[in-house]
Amino acid sequence: MGLAGAEAGVLRRRRRFPVLRAILHSRPATVGWLLLIAFVLMAAIGPSLAPHDPTQQQLLLRLRAPSFRLGADHFHPMGTDQLGRDIFSRVIYGSRISLLIGFTVVISGGVIGCGVGIAAGYFRGWVERIAMRVVDIYLAFPFILLALIVIAVLGASLTNLILVLAFTGWVNYARVARGEVLSLREREYVVAARVMGARSGRILVRHLLPNIMPTIIVLASLQIGGVVIQAGALSFLGLGVPPPTPDWGRMLAEGRDYMATAWWLATFPGLALVLLVLSVNLVGDWLRDYLDPQRQGGGGS
Amino acid sequence: MSTPTQNDPNRLARSRSISRRHLLRRAAAAGVVAPSALVSVTRPGVGLITAAAQAQSASKVSIALSTDINTLDPHQTATVGTDLSVISHLYTSLVLRGPDLKLQPALATLWQATSATTWTFKLRDDVVFPDGEKLDASAVKWNVDRVLNPASKARIRSWFDLVKEARAVDATTVEFITSAPYPALVDQLSMFFLLAPKWASQHQPASEAMGTGPYDIVEWVKDDHVSLKAKTTYWGTKPPFQSATFHAVPEVSSRVSGLLAGDYDVVTGINPTDIKRITDSKHATAGAVASARTAMVKFNTLKAPFANQQLRQALNYAVDKQGLIEAFFPGLDVQPSQGQVLTPAYFGYNSALKPYPFDVAKAKDLMKSAGAPDSIDVEFDLPTGTYLLAEEITQAIAGGLAEVGVNAKVSAMPFSTYMNKYLPQRNLAPMAYITQAWPTLDADGLLTLFESGNQYAYWDDAQFSKLLEQARSTLDAKQRLALYQQATAVMREAAPVIFLFPQPATYAVVNTISWKARPDDWVRVWEMKPAG
Amino acid sequence: MRGFLLTRLLESVVTVWGVVTIVFFALRLTGDPVLLMVPFGTPPDQIAQLRHALGFDRPLLVQYVDYWGHLLRGDFGDSLRFNQPALSLVLERLPATAELALLSMLVAVIIGGIAGTVAATRQGSVFELIAMVGALIGQATPVFWLGIMLVLIFAADLHWLPSGGRGGLSHLILPVITLAAFSTASISRLLRSSLLDMRTQDYVRTARAKGLSEQQVFFGHELRGALIPVVTIVGIQTGQLLGGAVITETIFAWPGVGRLIVQAINNQDFPLVQAAAIVLAITIIGVNLLVDLTYVVLDPRIRLDRTA
């Protein structure tokens, strides 16, 4: 999946807005990007549009069905939850939390994983041996077990949740990065650089990193969805984002006891979650095709 | 998870320093008490079930509980709702608490306090284990010895804190010798089930069972179900259902779905919002009873800001107990706690006390005179996954307190973390949500958790503690009652907690069976009857 | 081959040691296990007495060495909560877990395999659209939402299937659907894209140029090569399902290892958590070994000595 960027780049630059054209060329990518932009906008400016304070409770109005009647007590387009909070406002605020979790986990996990993977692949020897044993140990560890213990020790909070997810997610990046580096380090230009006496740091930054980035970016984009879903699963076990933070996974988990009596509690945050995961997956798919010159047009249907 | 139990950390220490005058008074009290403490077997309703129920005895019942049992060993668990409930079908205890919450004879037919520190039990002579071993006085003594022996690591050891020994006087007479008066001993023994000594030393009571109860175990598939079948030769009244299965169904909504799907006949611990839906189905009926478990917000009175009594009182005024009940338990028969942690089910309940009314203005006045700042930031500990609707209730309370300038930051944590903060770390947040009960249903027990020096108290009140101590020195019911009335009044005034309400015990049962959840968590098949 | 297996065995020993060590010390950071073993209200002196009887008052390193001493003799210790040997408590639940996990994987491989192949070979068709939209939704749907929905519809409303518990085939249908949904989706997506990747591989082009029939190229070269990443994912997900199906197990009251682990951690049942972690680690190592051996079958160019 390596990238021979030069040629493809030259080809693309002949027309204006090449990236935009590439996106618009593929209908799934268009949908994915539009959704993702919508979510980012929602996180950025949505809170000023939310009709209610997402944590404000009105016990007398709990479990009200969706209503569009105007007036502060009535306008709940997605209904109210078990504490009488406005679900619409919570869904809007929740986009911040979900995007925050998704991106921070993927970025921090990616940085750690790439660091370990590149070091293992480049230096080989004992560095690689130790790194790969650590990776093995992680892979042999049921995720739930690790998450439960870490939360039990550190306590439940948004930061700790991100920590747990990043802590378990880095392994994938490490394996992929190592694999890529192993195949790259014997390439002529890398070997040449080494022969010419370039320092390891320089080789890593100048030659290896740019070449494995596309693969890592694709992997990361595809993992964002999984991370958001995983955070929701932890909420099911009572380990997710603590109350009263409006987090989709938590809202979904709290709403599960009301699915038969007040369907709107779990449905709207669930829908938001599905759409977000959908959009990052579509964007990830497109990125993979776009960054891989051999596959131009392959996934464009 | 945390089934409350009998014990008192200070009792041993105190008993060593009891004065001569106390001893004399106790002896006198015992002399007066002894004859009237005699309980007769001829009380009506003693039979375990009615004759009508016996008629249809070929049927079976399927029950869904939230967790599987942990063990079949009656001495290694204090969890009433699951472990001990199942065990009570397999084994016999000396006495049993009926659905009316009164003690009934079981193996013991008569019991009485024969001195301030001696309880004497008369036993039936016809109770025999399936393998022929007799359940007699020496078998009872063996069971007590097993718990007292540190080598057996019995989890219920604390129930017998005050028990020095059990003596087999003759085959049908057992004496319990205590190191201090122990009025609730008989209540405590209603949860103490008796193994067969010889069998137990050759088998694994944790995973096998051979008892004298109305049922025998058929199989225990862990985390799935325990199935029981009625004994052919049972010394007591034959139970109404030939076989019974206890399923472990952790997810609330799955229990309800299973009930509606016909998989289960009886389920407990359902979400109050599902009650209407279940009853509307015409297939089953759902409801709730006020349990003996009281929900409260515990203050850490040992440090600021809640060392201040006025501030604690202010918060009691600031919480709308009735509003919480109407929101979370709509249509259920739940009343706010009457200014005490005891419910009417307890010995020592004070019917003269009234709850703190919901009065924001009064709360603000009190806060002002307490010299509190306009806005107070406090942590509010919440154990997750343990108590009914705890997360919702805690957040609603925090929301209400914001009205009077108390910003309670809810800090949710697993129950194990919570308990570690509570006890060894002694680091409970200024406010903590908790529900407490005491299975003996005696003030001596639940109130002891608030006594000075008790690790569980986080409250240090000399007057309250002195009253408890006095009450503990006598077996005289009247005198004890009077002292507990004073103690509860002191506690209402000092407000070491925000008094909330008894936690409702929710349940649902198919229309072909009649049953009601019990305030004290016991789930017993022989109390269920085929309806109509 | 023998050298490969020997290396793997040694590596596995290191892995298991690492898992045991991490679990052992991490658990001890969660606090005092004795608190949750005794009834609420038990006085501290009795808690201390029980702590002593169970040996939890000894220095950590002493406990650790002692644990290994017992472990090497095959003694995993007794569960604190159940008072029974921890290992047998885990092994008892393994069949239920394996049944659910393997069946779900089988369903996922079959349906995901067909969907992925159809999507790749019939690009632009309605089949591809349905398969890929279905896969995206399958990957984006939270497991517990799906599980509870299925129970509400098929058990509570329609009375077609049991709501939970382990029994005959009918008890398996809903949990398998719940568990297989995500894996089916990821397998079909992965298979489709790796099949498309294979098209451009030199040896596939060569095979086609040599005049092999389209079927021969597909089964002999394209599918074979495309299966390698799929096998990797199947391996990883099987490992996860064996220990991490806790949500499905909870909703369907399925007596599996996942629920046991969660309960054991919540109860601070140290010996039980340790035993479960060891059993699962060994199982996952076994699955990974199978995956590596499958690589060799699929692609003769891969030699065992350097598989990562």
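Just so you know, these numbers come straight off a predicted model, no measurement behind them. (Residues numbered from 1 in each chain as written. Chains lettered and ligands numbered in written order. Predicted model: local features only at pLDDT ≥ 70, side-chain atom pairs only at ≥ 80, totals over all residues. Heavy atoms only, no water.)

As a further point, take the overall build of chain A. A tally of helices and strands in chain A yields 11 helices and zero strands. Listed by position from the N terminus, the elements making up chain A come as α-α-α-α-α-α-α-α-α-α-α. Expressed as a percentage of the 301 residues in chain A, the buried residues total 55%. Long-range contacts, defined here as pairs at least 24 residues apart, represent 72% of the contacts in chain A between residues at least 6 apart. Distance between charge centres in chain A, computed from 28 positive and 16 negative side chains, equals 7 Å. (Helix = DSSP H or I, 4+ residues; strand = E, 2+ residues; numbered from the N terminus. Buried < 20%, exposed > 50% of the residue type's maximum accessible area, 1.4 Å probe, protein only. Contact = heavy atoms within 4.5 Å. Lys, Arg positive; Asp, Glu negative; His and termini not counted. Charge placed at Lys NZ, Arg CZ, Asp CG, Glu CD.)

Any two side chains of opposite charge can pair if their charged atoms end up close together. This structure, assessed with the given rule, holds 36 salt bridges over all chains. With a shortest N-O distance of 3.9 Å, Arg85 of chain A and Glu254 of chain A are connected by a salt bridge. Separated by 169 residues along the polypeptide, Arg85 of chain A in the loop between α3 (27–49) and α4 (87–123) and Glu254 of chain A in helix α10 (residues 248–255) bring together distant segments of the chain. Accessibility classification places Arg85 of chain A together with Glu254 of chain A in one group, the buried group. With a closest N to O distance of 3.2 Å, Lys141 of chain B and Asp145 of chain B form a salt bridge. With a gap of four residues between them, Lys141 of chain B and Asp145 of chain B both fall in helix α5 (residues 137–148), about one helical turn apart. The exposure class of Asp145 of chain B is partly exposed, given its relative accessible area of 31%. Among the charged side chains, a network of salt bridges with common partners joins Asp81, Arg85, Arg90, Arg250 and Glu254 of chain A together with Glu391 of chain B. (Salt bridge = Lys/Arg side-chain N within 4 Å of Asp/Glu carboxyl O.)

The relation between two aromatic rings is expressed through the spacing of the ring centres and the mutual angle of the planes. Scanning the entire structure with this criterion turns up 34 aromatic pairs over all chains. Note on Phe299 of chain B and Phe306 of chain B: the rings are 4.5 Å apart at their centroids and 40 degrees apart in plane angle, and the pair reads as tilted. Seen from their ring centres, Tyr387 of chain B and Tyr433 of chain B are 6.2 Å apart, and the 65 degrees between their planes marks the pair as edge-to-face. Taken together, the residues Tyr387 of chain B in the loop between β15 (376–384) and α13 (390–401) and Tyr433 of chain B in strand β17 (residues 431–436) connect sequence positions 46 residues apart. There is no split in this pair, since Tyr387 of chain B and Tyr433 of chain B are both buried. Through pairs of rings, three or more aromatic residues link up here, namely Tyr387, Phe415, Tyr418, Tyr422, Tyr433, Tyr456 and Tyr458 of chain B together with Phe40 of chain C. The ring of Tyr458 of chain B has Arg426 of chain B sitting right over it, with the charged end atom 4.6 Å from the ring centre. The side chain of Arg492 of chain B reaches across the aromatic face of Tyr356 of chain B, ending 4.3 Å from its centre. (Phe/Tyr/Trp six-rings, centres within 6.5 Å; stacked < 30°, edge-to-face > 60°. Lys NZ or Arg CZ within 6 Å of the ring centre and 35° of its normal.)

Between chain B and chain C, the contact holds 51 residues from the first and 48 residues from the second. In total, about 4000 Å² of surface goes out of reach between chain B and chain C, with carbon and sulfur atoms giving 55% of it. The tally of links between chain B and chain C comes to three salt bridges. Between Asp223 of chain B and Arg259 of chain C there is a salt bridge, with the nearest N and O atoms lying 3.9 Å from each other. Counting the contacts that link chain B with chain C gives 19 residue pairs in polar contact (both at pLDDT 80 or more). Of all the elements in the fold, those that place two or more residues in the side of chain B that touches chain C are α8 (252–261), α14 (415–422) and β17 of chain B. Here the side of chain B that touches chain C takes six residues from α8 of chain B, the largest share from any one element. (Buried area = accessible area lost by both parts, 1.4 Å probe. Polar contact = N/O pair within 3.5 Å; in protein donor to acceptor, adjacent residues only side chain to side chain.)

For residues with low pLDDT, the predicted coordinates do not support detailed interpretation. All names here are of chain C. Here chain C averages 87 in pLDDT, while 96% of its residues score no lower than 70. Mean pLDDT per element in chain C: helix α8 (residues 202–209) is the minimum at 78, and helix α3 (residues 60–72) is the maximum at 94. If you check the scores for this complex, the pTM reads 0.86 and the ipTM reads 0.87. (pLDDT = per-residue confidence, 0-100.)

Contact geometry of helix α6 (residues 143–154) of chain A with helix α11 (residues 257–266) of chain C gives a least axis separation of 10 Å together with a crossing angle of 15 degrees. Taken together, the axes of α6 of chain A and α11 of chain C lie roughly parallel to each other. Note that α6 of chain A runs across α11 of chain C; the crossing there is right-handed. Between α6 of chain A, through Ile144, Leu145, Leu148 and Ile149 of chain A, and α11 of chain C, the contact on the second element is made entirely by Ile261, Val262, Ile265 and Asn266 of chain C. Partitioned by chemical class, the residues of the contact of α6 of chain A with α11 of chain C number seven nonpolar, one polar and no charged. (Axes fitted to C-alpha atoms, helices over the stretch in contact; angles between N-to-C directions. Parallel < 35°, antiparallel > 145°, perpendicular 65-115°, else oblique. Left-handed = near helix turned anticlockwise from the far one by under 90°. Nonpolar A, V, L, I, M, F, W, Y, C, P; charged D, E, K, R; others polar.)

Judged by nonpolar contacts, the single largest core of 351 residues is most densely connected at Ile101 of chain A together with Phe160, Phe176, Phe329, Tyr422, Met431 and Leu500 of chain B. For this core, the element with the highest residue contribution is helix α12 (residues 270–298) of chain C, accounting for 15 residues. Not counting residues within four places of it along the chain, the set of residues in contact with Phe329 of chain B comprises Pro272, Leu324, Val334, Leu388, Leu389, Ile393, Phe501 and Pro504 of chain B. The next biggest cluster of nonpolar side chains, apart from the first, holds eight residues, and it includes Ala29, Val218, Trp286 and Leu287 of chain A. (Core = buried A, V, L, I, M, F, W, Y, C linked by side-chain atoms within 4.5 Å.)

Turning our attention to the sheet that holds strand β10 (residues 215–221) of chain B. Residue and element names in this part refer to chain B. Taking strand neighbours across the sheet as the criterion, the 10 strands line up as β10-β11-β12-β1-β13-β18-β14-β17-β15-β16 in an open arrangement whose pairing is mixed. With one partner strand each, in any of the chains shown, β10 and β16 (406–414) form the two edges of the open sheet. The mean inter-strand angle of the sheet, taken between neighbouring strand axes irrespective of direction, is 25 degrees. Two strands pair when backbone bridges link them, and β15 and β17 are joined in this way by two bridges, in the parallel orientation. Note that in β17 the partner of Phe380 across the bridge is Met431. (Pairing = 2+ DSSP bridges.)

Now for the sheet that holds strand β7 (residues 163–170) of chain B. All names here are of chain B. Taken in spatial order, the four strands of this open sheet run β5-β6-β8-β7, and their pairing is antiparallel. Every other strand in the sheet has two partners, leaving β5 (108–115) and β7 as the edge strands with one partner each. Direction aside, the axes of adjacent strands within the sheet are offset by 20 degrees on average. Pairing of strand β6 (residues 118–123) with strand β8 (residues 173–178) involves five bridges; the strand directions are antiparallel. Within β8, the residue paired with Thr120 across the bridge is Glu175. Taken strand by strand, α5 contacts β6, β7 and β8, and its axis lies near 165 degrees from that of β7.

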